[in-house]
Amino acid sequence: AIGDRSSFVLVKDLYSFGQDCLTITSNNLTLDLAGFAIVGAGTGKGIVSSAAIQGVTVRNGTVRGFAVGVSLGGTGNAIADVRVENNTDTGLFLGASSIADHLVVQGNWQYGAILSTANTFKNSSVRANGSTPVSIGLSAGPGSTITGNTIWANTGTGLFGSTGGTMIGNTV
């Protein structure tokens, strides 16, 4: 578990087999992957925080091979310059009022990215996610802003938007 400090930087790849890899337990924390990868074996979560944890920033690396790659359940989180790929269920889940910028979300087997309420998702690529007709590449919750993304080759629905959302300048 990660907690009680404000900033962490990976110094090598991390491998996790059959469980959650990094559990964030403190608010206002930054996790810099420093270009490294967090790799799983098809189960658990790569990076996870509960709905009570807010202000988390994850940046600059890759999370792949878990059931869920990144799950930041709290409000006001951010993820930037991260590849979330080849997870057996969902690549990315973001809680309310969070920001995702410059991501590559690809090859996740059920859902690419699921956004809660009032999120911003921008300048990213969402491709080749899903394996069934009910799969979704990018699911944006109510009041979310989706701008400048390329969303393609997803099975099922490429982009799903909810009430009150804004979608501008995307290629779908």
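Thresholds, definitions, all that
- In this convention, every chain numbers its residues from 1, walking through the sequence in written order.
- Confidence filtering applies because this is a predicted model: local features only for residues at pLDDT of at least 70, side-chain atom pairs given and counted only at 80 or more, and all residues used for totals across whole chains, interfaces and linings.
- Only hydrogens and water are removed before side-chain values are computed, so all heavy atoms of the structure are retained for them.
- Between any two strands, at least two bridges found by DSSP are needed for them to pair.
- Going along the chain from the N terminus, every DSSP run of H or I of four or more residues is numbered as a helix, and every run of E of two or more is numbered as a strand.
- Note on method: axes are straight lines fitted to C-alpha atoms, helices fitted across the in-contact stretch only, with angles between N-to-C directions ranging 0 to 180 degrees.
- Burial status follows relative accessibility: with a 1.4 Å probe on protein chains alone, a residue under 20% of its type maximum counts as buried, one over 50% as exposed, and anything between as partly exposed.
- Should any heavy atoms of two residues lie within 4.5 Å, those residues are considered in contact.

Undergrad: Could you give an account of the sheet that holds strand S16 (residues 136-140), naming the residues involved and the relevant values?
TA: Overall, parallel pairing links the seven strands, which are arranged S3-S6-S8-S10-S13-S16-S19 in an open sheet. Both edges of this open sheet fall to strand S3 (22-24) and strand S19 (157-161), since each of them pairs with a single strand only. Within this sheet the neighbouring strands show an average axis-to-axis angle of 5°, counted without direction. Here four bridges tie strand S8 (residues 68-72) to strand S10 (residues 90-94), and the two strands are oriented parallel to one another. If you follow Val-68 over to S10, its bridge partner there is Thr-90.

Undergrad: Can you explain the environment of Val-39? Please cite residues and give values.
TA: Inspection of the secondary structure puts Val-39 in strand S5 (residues 37-39). According to the relative accessible area criterion, Val-39 is buried, its value standing at 15%. Each C-alpha atom of the pair Val-39 and Val-63 lies 6.1 Å from the other, and the pair is 24 residues apart in sequence. Ignoring any residue separated from it by four or fewer positions in sequence, one finds Val-39 in contact with Leu-14, Tyr-15, Ser-16, Arg-64 and Phe-66.

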